[in-house]
Amino acid sequence: MARPTFHAVSLSPPPGFLKLHNTVYEFQFGFRKYHLTVLALMEVIDNIYQHMDLHEYTIGIYLDLQKAFDTVNHEILLYKLDNYGIRGVVHQWFKSYLTGRKQFTAIGQVHSEIGTSSL
C-alpha cells in the first residue's frame, strides 16, 4: 500500500458528525466552529477570578503540547477512531499513516538517532 500524503483537510470530520454522535467534550476548544482556542484562555481566566473572589488559591500548570501527536499511543488512537465511527478505508488510511513513521529530535546541532514507529 502506498503511503498516503497527510493533508490538514483530512483532520476535519464531516460537519456536525462529532456533535451528532455526542463525542465532543464540552470544553473542547479549537477545531470546532465558534470554539476558538482564545475562548479556552478566557474560560481559564474567568475560573481563576471566580476562585479569587472566594479567597481560594488557584494554581495553573501549562504544557506546550505542540508535538503531542507524536506522544500519543497509536494503537489507542486507532481504537478510539474506530469507536467514533472512523472505519474501513479511512481507518486503514490513518493506520498506514501512523505505521512506520520516522522521527528524530534535533536541538541545535545535536540530533538523536532516527526512530521508527510501529503498531
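Cut-offs and rules
Residues numbered from 1 in each chain as written. Predicted model: local features only at pLDDT ≥ 70, side-chain atom pairs only at ≥ 80, totals over all residues. Heavy atoms only, no water. Salt bridge = Lys/Arg side-chain N within 4 Å of Asp/Glu carboxyl O. Axes fitted to C-alpha atoms, helices over the stretch in contact; angles between N-to-C directions. Helix = DSSP H or I, 4+ residues; strand = E, 2+ residues; numbered from the N terminus. Parallel < 35°, antiparallel > 145°, perpendicular 65-115°, else oblique. Contact = heavy atoms within 4.5 Å. Nonpolar A, V, L, I, M, F, W, Y, C, P; charged D, E, K, R; others polar. Buried < 20%, exposed > 50% of the residue type's maximum accessible area, 1.4 Å probe, protein only. Phe/Tyr/Trp six-rings, centres within 6.5 Å; stacked < 30°, edge-to-face > 60°. Patch = residues over 30% accessible without salt bridge, like charges linked within 9 Å, V, L, I, M, F, W, Y side chains within 5 Å. Areas by Shrake-Rupley, 256 points an atom, 1.4 Å probe, with all protein chains shown as cover. Core = buried A, V, L, I, M, F, W, Y, C linked by side-chain atoms within 4.5 Å. pLDDT = per-residue confidence, 0-100.

The next thing to look at is the pattern of salt bridges. Applying the stated criterion across every chain yields a total of one salt bridge. R87 is paired through a salt bridge with D82; the nearest N and O atoms lie 3.3 Å apart.

Here we come to the packing of helix α3 (residues 74-83) against helix α4 (residues 88-98). Between two packed helices, what matters for the description is the angle formed by their axes and the separation of those axes. At a minimum axis separation of 10 Å, α3 and α4 run at an interaxial angle of 170°. One finds that α3 runs roughly antiparallel with respect to α4. Counted together, H74, L77, L78, L81 and D82 of α3 and H91, F94, K95 and L98 of α4 form the full contact between these two elements. Looking at the contact of α3 with α4 residue by residue, the classes come out as five nonpolar, two polar and two charged.

For α4, every residue scored as buried is listed here: H91, F94, S96, Y97 and L98. In this structure, the buried side of α4 is in contact with α3. At the C-terminal side of α4, G100 shows a positive phi close to 80°.

Right, let's get into the packing of aromatic side chains. Evaluated as defined, the whole model comprises two aromatic pairs. With a centroid separation of 5.1 Å and an interplanar angle of 85°, the aromatic rings of W93 and F94 are classed as edge-to-face. Taking the relative accessible area as the measure of exposure, W93 reaches 22% and is therefore partly exposed. With centroids separated by 6.4 Å and ring planes inclined at 15°, the aromatic side chains of W93 and Y97 adopt a geometry described as stacked.

Taken together, L36, V38, L39 and M42 make up a surface patch of nonpolar side chains, about 370 Å² in accessible area. The exposure class assigned to M42 is exposed, which follows from its relative accessible area of 52%.

One recurring pattern in soluble globular proteins: nonpolar side chains tend to sit buried together. Judged by nonpolar contacts, L78, L81, F94, Y97 and L98 together constitute the single largest core of five residues. Among the secondary structure elements, those contributing two or more residues to this core are α3 and α4.

Turning to the confidence of the model for the chain, a few remarks are in order. Detailed reading of the predicted coordinates is not advisable wherever pLDDT falls low. When pLDDT is averaged along the chain, the result is 77, and 69% of the positions lie at 70 or above. Within the chain, helix α1 (residues 17-20) has the poorest average pLDDT of any element, 65, and α3 the best, 90. Here residues 5-9 scores under 50 on pLDDT; set against residues more than four positions off or in separate chains, the count is five contacts.

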